[in-house]
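# Chains, contacts and geometry: an overview
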Amino acid sequence: MKKVDPIVQPAWKQLKEEVERIRGRTLRGMFHEDPERPAKYLLSAGDLLIDYSCNLIDDHVLAALFRLALDCGVPDARDEMFRGHHINETEDRAVLHVALRLPREASLVVDGRDVVPEVHRVLDRMEDFVRRVWSGGWKGYSGERIRSVVNIGIGGSDLGPAMAVEALKPFSRRDLTVRFVSNVDATDFVEKTRDLDPRSTLFIISSKTFTTQETMTNAATARQWCLDAYGGDRRAVERHFVAVSTNREKVAEFGIHPENTFEFWDWVGGRYSMCSAIGLSVMLAIGPDHFRQMLAGFHAMDNHFRTAPMERNAPLLLGLLGIWYVNFWGAETWAVIPYEQYLQRFPAYLQQLDMESNGKSVSRSGRPVTWQTGPILWGEPGTNGQHSFFQLLHQGTHLVPIDLIGFARSHNELGDHHQKLIANMFAQASALAFGRTREEVEAEGTPERLVPFRVFNGNRPCNVIMAPQLTPSVLGQLIALYEHKVFVQGVIWNIYSFDQWGVELGKGIAGRILGRLKGESDEELDPAAEHRLSLYRSLREKG
Ligand code: F6P
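Residues numbered from 1 in each chain as written. Predicted model: local features only at pLDDT ≥ 70, side-chain atom pairs only at ≥ 80, totals over all residues. Heavy atoms only, no water.

## Focus on the packing of helix 5 (residues 74-83) against helix 13 (residues 288-307)
Helices that pack against each other are described as a pair by the angle of their axes relative to one another and the distance between those axes. Orientation of helix 5 relative to helix 13, taken along the N-to-C sense of each, is 140°, at an axis distance of 10 Å. With respect to helix 13, the element helix 5 is oriented oblique. For the pair formed by helix 5 and helix 13, the contact residues are Arg-78, Met-81 and Phe-82 on the first element and Asp-302, Phe-305 and Arg-306 on the second. Classifying every residue of the contact of helix 5 with helix 13 by side-chain character gives three nonpolar, no polar and three charged. (Axes fitted to C-alpha atoms, helices over the stretch in contact; angles between N-to-C directions. Helix = DSSP H or I, 4+ residues; strand = E, 2+ residues; numbered from the N terminus. Parallel < 35°, antiparallel > 145°, perpendicular 65-115°, else oblique. Contact = heavy atoms within 4.5 Å. Nonpolar A, V, L, I, M, F, W, Y, C, P; charged D, E, K, R; others polar.)

## Considerations on the environment of Ser-357
Within the secondary structure, Ser-357 is located in helix 15 (residues 346-358). In this structure the C-alpha to C-alpha distance between Ser-357 and Gly-374, which are 17 residues apart in sequence, comes to 8.1 Å. Among all residues touching Ser-357, those that are not within four sequence positions of it are Arg-271, Tyr-272, Gln-352, Val-486, Tyr-496 and Ser-497. A polar contact of 2.8 Å, which involves the side chain of Ser-357, links it to the side chain of Arg-271. For Ser-357, the side chain forms a polar contact with the main-chain oxygen of Leu-353, separated by 2.5 Å. (Polar contact = N/O pair within 3.5 Å; in protein donor to acceptor, adjacent residues only side chain to side chain.)

## Re helix 9 (residues 213-229)
Compared with the 24 Å implied by 1.5 Å per residue over 17 residues, the 25 Å span of helix 9 between its first and last C-alpha is a close match. Those residues of helix 9 lying buried are Thr-215, Met-216, Asn-218, Ala-219, Ala-222, Arg-223, Trp-225, Cys-226 and Leu-227. Phi for Gly-231, located one or two positions after helix 9, is positive at around 60°. (Expected span 1.5 Å × (residues − 1). Buried < 20%, exposed > 50% of the residue type's maximum accessible area, 1.4 Å probe, protein only.)

## Section: helix 20 (residues 472-493)
Under the 1.5 Å per step criterion, the end-to-end length of helix 20 is 32 Å for 22 residues, consistent within 8% with the ideal 32 Å. Counting buried positions along helix 20 yields 21 of 22 residues, so the element is predominantly enclosed.

## Some thoughts on the sheet that holds strand 12 (residues 402-407)
Spatial ordering of the open sheet is given by 1-2-13-12-10-11, a layout of six strands whose pairing is mixed. Edge strands, defined here as strands with exactly one partner in the open sheet, are strand 1 (42-45) and strand 11 (376-378). Between one strand axis and the next, the sheet turns by 20° as a mean value, whatever way the strands run. As judged from the three bridges shared by strand 2 (residues 48-51) and strand 13 (residues 462-467), these two strands associate in the antiparallel manner. Bridged to Asp-51 within strand 13 is Val-464. Its contacts with the sheet put helix 15 on strand 10 (333-339), strand 11 and strand 12, and the angle it makes with strand 11 is roughly 165°. Each of strand 10, strand 12 and strand 13 is contacted by helix 17 (residues 417-434), which is oriented at about 155° to strand 12, the strand it contacts most. (Pairing = 2+ DSSP bridges.)

## Re the pattern of salt bridges
Two side chains that carry opposite charge are able to pair once their charged atoms sit near each other. Throughout the structure, instances matching the rule amount to 40 salt bridges. The residue Asp-302 makes a salt bridge to Arg-101 at a minimum N-O spacing of 2.8 Å. Separated by 201 residues along the polypeptide, Asp-302 in helix 13 and Arg-101 in the loop between helix 5 and strand 3 (109-110) bring together distant segments of the chain. By relative accessible area, Asp-302 is classed as buried at 2%. Residues Arg-438 and Glu-442 are paired through a salt bridge, measuring 3.0 Å at the closest nitrogen-oxygen approach. Highlighted residues: Arg-438 and Glu-442, both in helix 18 (residues 438-443), separated by four residues, approximately one helical turn. We classify Arg-438 as partly exposed; its relative accessible area is 34%. (Salt bridge = Lys/Arg side-chain N within 4 Å of Asp/Glu carboxyl O.)

Here it is, written out as structure tokens:
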């Protein structure tokens, strides 16, 4: 992969000039001057329509952004990823989540081995397992059928599946409860299992490494919870626990039978793993057919990213728009607002995808970057956000680019709810872009002293992403769109998007503090931690 700093590219310099030029213009003016703008800045990718007309851009800006992508080697880097090169250099690994959704007849050789047959072997095993659970053929130790599934995992082993199970609820079996326990806070486990019967509950222990503290703690608690119901009979574990992991040894140590282990591979990053066996809980919820439709949706977007020309390439374009605002307009955060209740966990999922990937400050050459990298991503479903933080988006001092996501059809067409929902999404896009001028406010007869407060400056950019309906395939397309957007940005920022060293330090310190808390170590901590430890102890004594 090319290791070039973006700021030395001529296109970077040009974009600095473009931003000054565009600053003098308004979206109102740009729409007025070019009646074709709404149709011109509209892109379709599979089932997704991406309206990017309300961005602070014109053809000159776009041309410079595309040049930047070329200068930074985005097309070559993309091809290297799809070919299985070890682009995750700090961990010396290929990055091949795209292989997880290749069709059966495809082939992709990684390190001398075609991975596609392996991918489909595991998918087929997952399917067989799901069909057995669904039919009642797989029984709990006491012979009861499985009525509840609890996925225990965290980060990439939780967020994607939890988001997808919620997103695809209309496609799920309603008589099977699927829950997610992630937090090491026991409350998570206690509350999620409170009304479950251990004899009809199946646990999926999902962990790439099978060493993650939170997951292993929750898994041990779950095992005890299960054993308590069976008078300590350890044979029960085999019928109530399956594992998803790359670490077969640790799984066996825990007591889960190899036959009940679904594997994946080190070339699948945690936050890119929901198409692997990490998606087992999703398949259990929605069934193999819907799961495969979701994979086909991912694959369609992979193909689009791989083959669409630059100007029509949705992930590339969204990535470049991100660069435009982060690096040239000083945007520090990015909001994603789904106008779809079923996507309520989508922003949380994207937070790990984006921030764990591109929250880096050392370039691929090992030097500190002198440009901004990944923004802070956040969001909540519309319309709820409108009655909370949208005030800041409209009239605050920060520029926050926004993705608004909505669907033509709801799964719950009740009265005029959906029309109201969509009216609100379109209204927010217009209000953000065009605002309301002083003259307009005055013309409404607003008292003079209130006029300044009722003016909206507008020029606040957004993308409006639409699709016919939220289906498994559309969800796959949407997720892959963001995966590849993150990839494009990582290449341009010249950072490694597929490692996550930044999570290690805290884990190590937590381990040492835990040793002290449990009285198993007398290792001295930093002065702040020492002080907090004594505060904690005295609070507990009082309590
Ligand atoms: O701590 C961060 C992280 O390593 C994520 O990257 C990963 O998704 C998560 O922990 C869970 O890891 P595992 O699947 O190995 O339990």
